[in-house]
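Understanding the architecture of this molecule
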Amino acid sequence: QVQLVEFGGGSVQAGGSLRLSCAASGRTFSSYAMGWFRQAPGKEREFVAVITWSAGSTNYADSVKGRFTISRDKAKNTVYLQMSSLKPEDTAVYYCAAGRGSSRTLGYGYWGQGTQVTVSS
């Protein structure tokens, strides 16, 4: 099994930056992709970004392209989400996930507990 724990959430003013981390433990990640999703109150969980564990190929939601960067450190078993030029609409609980890879929640079998990101105007 895989365990995921997010760190780095908090409050920031619009235009600011924040870096989220997801520490992973468990079995090998060679066959996994790592994704970031977010969920605001009353809304469905939505895709943010994904990175393949072995090759490091990435994909982003249109809403965050040019502002967010996903990366991973294979030696540290950690995936990151660097967020810049934050907007109030980025406010949500952010979750990291591991699975076969997809822009859909169905593509991930393991989830972290979530970390709150609040962007004030």
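Everything below is about the structure shown above.
This write-up is about the structure you can find in this document. None of the values given here were measured: they were computed from a predicted structure.

The rules behind the values
Residues numbered from 1 in each chain as written. Predicted model: local features only at pLDDT ≥ 70, side-chain atom pairs only at ≥ 80, totals over all residues. Heavy atoms only, no water. Helix = DSSP H or I, 4+ residues; strand = E, 2+ residues; numbered from the N terminus. Rg over C-alpha atoms; globule rule 2.2 N^0.38 Å. Buried < 20%, exposed > 50% of the residue type's maximum accessible area, 1.4 Å probe, protein only. Contact = heavy atoms within 4.5 Å. Areas by Shrake-Rupley, 256 points an atom, 1.4 Å probe, with all protein chains shown as cover. Salt bridge = Lys/Arg side-chain N within 4 Å of Asp/Glu carboxyl O. Core = buried A, V, L, I, M, F, W, Y, C linked by side-chain atoms within 4.5 Å. Phe/Tyr/Trp six-rings, centres within 6.5 Å; stacked < 30°, edge-to-face > 60°. Lys NZ or Arg CZ within 6 Å of the ring centre and 35° of its normal.

Secondary structure summary: the chain contains zero helices and 11 strands in total. Along its sequence from the N terminus, the chain presents helices and strands in the succession β-β-β-β-β-β-β-β-β-β-β. Its C-alpha atoms give the chain a radius of gyration of 13 Å, within 12% of the compact-globule value 14 Å for 121 residues. Dimensions of the chain, computed from C-alpha atoms along their principal axes, come out at roughly 40 × 30 × 25 Å. Split into buried and exposed, the 121 residues of the chain put 42% on the buried side. Within the chain, counting contacts between residues at least 6 apart in sequence, those at least 24 apart form 53% of the total. Counting every atom, the chain has about 6300 Å² of accessible surface; 46% of that belongs to carbon and sulfur.

With that out of the way, let us pick up the pattern of salt bridges. Per the stated rule, a full pass over the model turns up four salt bridges. The closest approach of N and O atoms between Asp-62 and Lys-65, which form a salt bridge, is 3.1 Å. Residue classification places Lys-65 among the partly exposed residues on the basis of a relative accessible area of 48%. Close ionic contact of Asp-90 with Arg-67 constitutes a salt bridge, the shortest N to O distance being 2.8 Å. With Asp-90 in the loop between β8 (78–83) and β9 (92–99) and Arg-67 in the loop between β6 (58–60) and β7 (68–73), this residue pair connects regions lying 23 residues apart in the sequence. Of the two residues, Asp-90 and Arg-67, neither departs from the other in class, the shared state being buried.

In terms of nonpolar packing, the biggest core is built from 35 residues, with Trp-36, Leu-81, Met-83 and Tyr-94 touching the most fellow members. At the level of elements, β1 (2–7), β3 (18–26), β4 (33–39), β5 (46–52), β7, β8, β9 and β11 (115–120) are the ones that each hand at least two residues to this core.

The subject of this paragraph is the environment of Val-5. Tracing the backbone through its elements, the reader meets Val-5 in strand β1. For Val-5, a relative accessible area of 35% corresponds to the partly exposed category. Residues Val-5 and Cys-96 lie 91 residues apart in sequence; the distance between their C-alpha atoms is 7.9 Å. Setting aside chain neighbours within four positions, we find Val-5 in contact with Ser-21, Cys-22, Ala-23 and Gln-113.

Taken as a whole and judged by the stated rule, the model has five aromatic pairs. Note on Phe-37 and Tyr-108: the rings are 5.2 Å apart at their centroids and 75 degrees apart in plane angle, and the pair reads as edge-to-face. Taken together, the residues Phe-37 in strand β4 and Tyr-108 in strand β10 (residues 108–111) connect sequence positions 71 residues apart. A single burial state applies to Phe-37 and to Tyr-108, both of which are buried. Aromatic side chains Tyr-108 and Trp-111 sit 6.1 Å apart centroid to centroid with 65 degrees between the ring planes, which places their arrangement in the edge-to-face category. Classification of Trp-111 by relative accessible area gives partly exposed; the value is 27%. Taken together, the ring pairs connect Phe-37, Phe-47, Tyr-108 and Trp-111 into an aromatic cluster. Stacked on the ring of Tyr-80, the Lys or Arg Arg-19 has its end atom at 4.1 Å from the ring centre. Sitting over the face of the ring of Tyr-95, Arg-45 holds its NZ or CZ atom 3.7 Å from the ring centroid.

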